[in-house]
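Coordinate analysis (summary)
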Amino acid sequence: MAAAVDVLRVGGLVAIPTETVYGLAADASNRRAVRRVFAVKGRPADHPLIVHLGAREQLRRWAGSVPPVAERLADAFWPGPLTLVLPRATGVLDEVTGGRPTVALRVPDQPLVLRILARFGGAIAAPSANRFGRVSPTRAGHVVADLGGDVDLVLDAGPCPVGLESTIVEVADDQLRVLRPGVLTAAEIARVAGREVHEDPGGPARAPGMLASHYAPAARVVLVRAAEAVPAVEGLLAAGRSVAVLAETLPPGLPEGTVALEPVGDATGYARHLYDRLREADRLGVDVVVAVVPAPTGAGVAVLDRLRRAAGPTAGG
Ligand code: TXA
Ligand code: MG
């Protein structure tokens, strides 16, 4: 913990665990440190970063204005996997916001990181600790494999319990819009907010960087319903492809030679294990991952979103 604070103070980069995914952290007030985050990730400069706060009370230091509905959401869900996009305070670096008039803020629910933030005193800008366009890391080993010596310190707190990136909600003119779905659902947010939450992530408000082909492993990803899994695998095997199957529970009757990735159990388990399983498929060197889609409710909404991006723009939305 002390080493992490020291590295942050001198403008270095620390890979930190959060409840969602591992982040690549830099002092959010240090222009040079933030620029290095972009360089290491290979990320375009106009894709803004999330600023991680140690406490909800810091919200007003980073946001230029905080409507009551944002206060309510912060009270209800922080620390936790909710990112609020709000008008930025003066002094927030353009490097962090990508030059936008808004800033993305969250308090992560990870005890070690909260202690680091408390000791550090500032805030940390942290994108997911993967190279641009690749699957986000949910274990310290994923970070080391992706970023290696480009990061000054990697903290290992085991696998991330949530496994998918935070839900991003834009609060503009008291209107709420989900820019990126997460395990915290629009319905849960609407209940606390006491108003409608727009779920359509399309349009100009969409979080920059939410490319259709994001979060992709090297293997091709094919999405199927449970009943289609066996015929899909048979077809791919017949075409000479090596195939892995990812599902909540394995469909019966998979042909011999299919690589069965460890089943994820339910939608929450799907969120928790998705990225690790996709990396596992790459480690095994399979050509195709046949993923059985979860029901589009609860955590399944965010899982489906990431699966579609992993499958790429040809997946039919
Ligand atoms: O769970 C998470 O959110 C993880 C952990 C590390 O906290 N972080 C994460 O960061 O997923 P990153 O950089 O991979 O994704 C941040 C997303 C990007 O899609 C970015 O475009 C969006 O947040 N974003 C950041 N600032 C924004 C802003 N001012 N307006 C709209 N979108 C913004
Ligand atoms: Mg990311």
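One structure accompanies this document, and this report is about it. This is a predicted model, so every value here is computed, not measured.

What about helix α2 (residues 31-41)?
Because an α-helix completes one turn every 3.6 residues, residues spaced three or four positions apart along the sequence face the same direction. Those residues of α2 not exposed but buried are A33, V34, V37, F38, V40 and K41. Buried-residue contacts for α2 involve β2 (23-27), α5 (94-97), β6 (124-125) and α7 (140-147). Where α2 begins, the side chain of N30 points an oxygen toward the backbone nitrogen of R32, at a separation of 3.0 Å. G42 lies just past α2 and shows a positive phi near 70°.

Remarks on helix α8 (residues 186-193)
Those residues of α8 that sit buried are A186, I189 and A193. On an axial view of α8, the arc spanned by its buried residues comes to 65°, and they lie on one face. Summarising the contacts, the buried residues of α8 are in contact with α4 (68-77), β4 (82-87), β8 (167-172), β9 (175-180) and β10 (197-198).

With respect to the nonpolar core
Of all hydrophobic cores here, the largest spans 51 residues; its most connected members are V51, L82, L84 and L105. V264, L278, V289 and A311 belong to the second largest nonpolar core, which has 24 residues in total.

Concerning the packing of α4 against α8
One can describe the packing of α4 onto α8 by two numbers: an axis separation of 9 Å at closest approach and a directional angle of 120°. For the element pair α4 / α8, the angle class is oblique. Note on packing geometry: the crossing formed by α4 with α8 is right-handed. Facing V69, R72, L73, A76 and F77 of α4, the residues of α8 in contact are E188, I189, V192 and A193. Considering only residue class, the contact of α4 with α8 consists of 7 nonpolar, no polar and 2 charged.

Re the pattern of salt bridges
According to the stated counting rule, one finds 19 salt bridges in the structure shown. The closest approach of N and O atoms between R306 and D305, which form a salt bridge, is 2.8 Å. Here the residues in one salt-bridge network are R56, R60, E71 and D75, joined through shared partners.

Some points on unusual backbone geometry
In this structure, the amide linkage connecting W78 to the following residue, P79, adopts the cis form with an omega of -10°. With respect to the secondary-structure elements, P79 resides in the loop between α4 and β4.

Quick word on the sheet that holds β6
One open sheet holds the 10 strands; their spatial order is β7-β1-β2-β6-β3-β5-β4-β8-β9-β10, and the pairing between them is mixed. Every other strand in the sheet has two partners, leaving β7 (153-154) and β10 as the edge strands with one partner each. In terms of strand pairing, strand β1 (residues 14-16) meets β7 through 2 bridges, oriented parallel. Bridge assignment links A15 to a residue of β7, and that residue is V154.

Conventions adopted
Along each chain, numbering runs from 1 in the same order as the chain's sequence is written. Whichever chain is written first is A, and whichever ligand is written first is 1; the rest continue in order. Confidence filtering applies because this is a predicted model: local features only for residues at pLDDT of at least 70, side-chain atom pairs given and counted only at 80 or more, and all residues used for totals across whole chains, interfaces and linings. Computation of side-chain values covers all heavy atoms of the structure but excludes hydrogens and water. Each residue is placed in one exposure class: buried if its accessible area under a 1.4 Å probe, protein chains only, is under 20% of its type's maximum, exposed if it is over 50%, and partly exposed if it falls in between. A helix here means a DSSP run of H or I that spans at least four residues, while a strand means a run of E at least two residues long, and both kinds are numbered starting from the N terminus. Pairs of residues are marked as contacts when any of their non-hydrogen atoms sit within 4.5 Å. Distance and chemistry together define a polar contact, namely a pair of N or O atoms within 3.5 Å, with one atom able to donate a hydrogen and the other to accept it when in protein, and with adjacent residues in sequence counting only for side-chain atoms on both sides. The arc under discussion is defined with respect to the helix axis, by the directions toward the C-beta atoms. Note on terminology: a nonpolar core comprises buried Ala, Val, Leu, Ile, Met, Phe, Trp, Tyr and Cys residues joined through side-chain atoms within 4.5 Å. Think of each axis as a best-fit line through the C-alpha atoms, taken over the contacting stretch in the case of a helix, with angles from 0 to 180 degrees between the N-to-C directions. Should an angle fall under 35 degrees it is called roughly parallel, over 145 degrees roughly antiparallel, and 65 to 115 degrees roughly perpendicular, with every other angle called oblique. By definition, any crossing whose near helix is turned counterclockwise from its far helix by less than a right angle is left-handed, and any crossing with a clockwise turn is right-handed. Side-chain classes follow a simple rule in which Ala, Val, Leu, Ile, Met, Phe, Trp, Tyr, Cys and Pro form the nonpolar group, Asp, Glu, Lys and Arg form the charged group, and the remainder, Gly included, forms the polar group. In the sections that follow, a salt bridge refers to a side-chain nitrogen of Lys or Arg positioned within 4 Å of a carboxyl oxygen of Asp or Glu. A pair of strands is considered paired only if DSSP assigns at least 2 bridges between the two.

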